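Examination of the molecular architecture
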Amino acid sequence: MISTVTKLPNARRRIDETDLCGWIGQAAPGEALEYYRGFLALDTFSQAQRLTERERAELVRVARRAWWASEQKLIHLVQRRHGADDYSYLAIARSTPKQASASLSSLLLAEVA
Amino acid sequence: MQSPISRADLQTLLHEADAAARRLIRKLRLSKDDLADVRQELLVDVIARLPAFDPKRGSLGAFAGIVMANRAARVAHKVKRERRLYGAVPTSLDETLPDSDGATRGDLFSEGEGLSAYFGQPVDAFAEVERRLDVERGLGTLDPDDARLSAALSQSNIDELVDRGHAARSSLYRRVKNIRLALLAAGLKAA
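Presented here is a report on the structure given in the accompanying data block. All values derive from a computational prediction rather than experimental measurement.

Criteria and cut-off values
Residues numbered from 1 in each chain as written. Chains lettered and ligands numbered in written order. Predicted model: local features only at pLDDT ≥ 70, side-chain atom pairs only at ≥ 80, totals over all residues. Helix = DSSP H or I, 4+ residues; strand = E, 2+ residues; numbered from the N terminus. Buried ≥ 20, exposed ≤ 12 C-beta atoms within 10 Å, placed from the backbone. Contact = placed C-beta atoms within 7 Å. Nonpolar A, V, L, I, M, F, W, Y, C, P; charged D, E, K, R; others polar. Expected span 1.5 Å × (residues − 1). Arc of directions from axis to C-beta. Pairing = 2+ DSSP bridges. Axes fitted to C-alpha atoms, helices over the stretch in contact; angles between N-to-C directions. Parallel < 35°, antiparallel > 145°, perpendicular 65-115°, else oblique. Left-handed = near helix turned anticlockwise from the far one by under 90°.

It is worth spelling out the overall build of chain A at this point. When helices and strands are counted, chain A shows four helices and four strands. Counting from the amino terminus, helix and strand elements in chain A follow one another as β-α-β-α-α-β-β-α. Expressed as a percentage of the 113 residues in chain A, the buried residues total 22%. In chain A, the proportion of contacts linking residues at least 24 apart, taken out of those at least 6 apart, comes to 59%.

Here it is in structure tokens:
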């Protein structure tokens, strides 16, 4: 169960890719972030013209990064419906994977060789 | 100087060196332990310059006085520079503390307050191990090619990689931006 959801600050309605990555990096397991409010599928569609091109491009980057983080088992992605075409898109932090999956020594040795 | 120095000349040099060293010690408020070192430094300098001494132009005492004054100015400059770097009052880490049962000043400092930490070197072994694990976990989230690029960037900069034909500059910068974001999401901040 999500205990608290971090809302976007009023003065700045949308977070960018760096904000999302920064939040993922420091969030405790179970913490949630509303990284977008709207209708993602439609808002990222170029012909829909619900956002400016610049906002849409940033939203695409944020959405892709959220998907990537989910694939990396860093976050869960869920959505909450408020009404027609109105959803909160939430990222919920997962516990950090314990096992390292890349050896720094091997990479450095390979680079030197 | 054409002939070896006489015993009287040597006495003159020793006297001048002693006086100059004492003046410098007093002026810089150095400890008495430094007196012998400073005296020796002044004396060595004047002996090294003796071949340039011309008795027709003045006495040996005057020659030695000028050489030592110059040398003393350089020593003072060096001491002041070190004080600006390391603090106003020079103290030795090996100095035994009063009523301390043999403990030295250096025993009071933790590794985190030491010279290594001052110059940005890691001093906390546990934190270093944890950081390495974090880095390896972060590298694990990267595409293998990007992980190799990260390793390469620990040895070279972008310009060198471009020169070695790794990839185009714009491509490398784009990948570095992606790597930064991935590592940020893994909890690693930029150094």
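Okay, the interface of chain A and chain B next. Contacts between chain A and chain B engage 21 residues on the former and 19 residues on the latter. Here the side of chain A that touches chain B takes seven residues from helix H1 (residues 17–26) of chain A, the largest share from any one element. Along the lines of polarity and charge, the residues of the side of chain A that touches chain B split into eleven nonpolar, seven polar and three charged.

Within the sequence span of H1 of chain A, burial applies to Glu17, Leu20, Cys21, Trp23, Ile24 and Gly25 of chain A. As for H1 of chain A, its buried residues are in contact with strand S2 (32–38), helix H3 (53–71), strand S3 (75–83) and strand S4 (86–93) of chain A together with helix H8 (169–185) of chain B.

What follows deals with helix H1 (residues 7–28) of chain B. Residue and element names in this part refer to chain B. Relative to the 32 Å expected for 22 residues at 1.5 Å per residue, H1 spans 31 Å between its end C-alpha atoms, a close match to the ideal helical length. Here H1 has its buried residues at Leu13, Glu16, Ala17, Ala20, Ala21 and Leu24. The buried residues of H1 all sit within an arc of 130° when viewed along its axis, so they share a single face. For H1, the exposed residues lying more than 90 degrees away from the buried face are Arg7, Ala8, Gln11, His15 and Arg26. Arg29 sits one or two positions beyond H1 and adopts a positive phi of about 55°.

With that out of the way, let us pick up the environment of Gln79 of chain A. Counting through the fold element by element, Gln79 of chain A comes out in strand S3. Considering only alpha carbons, one finds Gln79 of chain A and Tyr36 of chain A, 43 residues apart in sequence, at a separation of 9.6 Å.

Before going further, it helps to examine the pairing of S3 of chain A. All names here are of chain A. Two elements, S3 and S4, share eight bridges in a ladder whose sense is antiparallel. Among the inter-strand pairings, Gly83 is bridged to a residue of S4, identified as Asp86. Count of turn residues in the S3/S4 antiparallel hairpin: two residues, of which Asp85 carries a positive phi of about 55°.

Another aspect to go through is the packing of H1 of chain B against helix H3 (residues 60–86) of chain B. Residues and elements named next belong to chain B. Packing of H1 against H3 leaves a shortest axis separation of 10 Å and a crossing angle of 30°. Relative to H3, H1 is oriented roughly parallel. The element H1 and its partner H3 pack so that their crossing is right-handed. When H1 is examined against H3, the residues Asp9, Thr12, Leu13, Glu16, Ala17, Ala20, Leu24 and Leu28 are found in contact with a partner set consisting of Leu60, Gly61, Ala64, Gly65, Met68, Ala72, Val75, Ala76 and Val79. Partitioned by chemical class, the residues of the contact of H1 with H3 number twelve nonpolar, three polar and two charged.

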